[in-house]
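Structural description and commentary
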Amino acid sequence: MESTNKITNKGNILKVSLDLYMFWEDGCCIAYSPALDMSGYGMTEKEAKESFSVVLEEYISYGLSKHTLIKDLREHGWKVRSFKQRKMSAPTFESLLRSNDTFRDILENKEYRKVSEPFPELACS
């Protein structure tokens, strides 16, 4: 399976592209990123994606302000040497499948749809 999970650092701008797995649970649409093990939700797919976008922005902003983003990405299996690195790569699909119980549950037990989402650029100054 092709993955588009990556973070690109262009000066003081981060470009984030992630695979999201969209599924329904208890009447809500969930947008889940196995590469970051985070999700957003809403009453529609659009709301779930918007919610995820807010969560992602808060995650990156907090990580940058506390200087923990690189450490956290590494803990999620990302290949990151330093913040100045131009392209940060997520773990492979196979690696995520082995290490992420939530992701495995979605693939095995839910009706899902995979979408690849580029997110708005984030300033990191």
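It should be noted that the structure appears before, not after, this text.
Residues numbered from 1 in each chain as written. Predicted model: local features only at pLDDT ≥ 70, side-chain atom pairs only at ≥ 80, totals over all residues. Heavy atoms only, no water.

A look at unusual backbone geometry
The test is simple: A helix here means a DSSP run of H or I that spans at least four residues, while a strand means a run of E at least two residues long, and both kinds are numbered starting from the N terminus.
The phi angle at Asp37 is positive, at roughly 55°, despite the residue not being glycine. By secondary structure assignment, the location of Asp37 is in the loop between β3 (28–33) and β4 (38–42). Of note, the phi angle at His67 is positive, near 60°, even though the residue is not glycine. In this structure, His67 sits in the loop between α1 (45–66) and α2 (69–75).

Considerations on the packing of aromatic side chains
Aromatic ring pairs are described here by two measures, namely the spacing of the ring centres and the angle between the planes. Put simply, the rule reads: Each Phe, Tyr or Trp ring, with Trp reduced to its six-membered ring, pairs with another whose centre is within 6.5 Å; inter-plane angles below 30 degrees give stacked pairs, above 60 give edge-to-face pairs, and intermediate values give tilted ones. Burial status follows relative accessibility: with a 1.4 Å probe on protein chains alone, a residue under 20% of its type maximum counts as buried, one over 50% as exposed, and anything between as partly exposed.
Inspection of the entire model under this criterion finds four aromatic pairs. Considering the side-chain rings of Phe93 and Phe103, the 5.6 Å spacing of their centres and the 85° angle between planes classify their relative orientation as edge-to-face. With Phe93 in helix α3 (residues 93–99) and Phe103 in helix α4 (residues 101–109), the pair connects residues that are ten residues apart, well separated along the chain. For Phe103, a relative accessible area of 0% puts it in the buried group.

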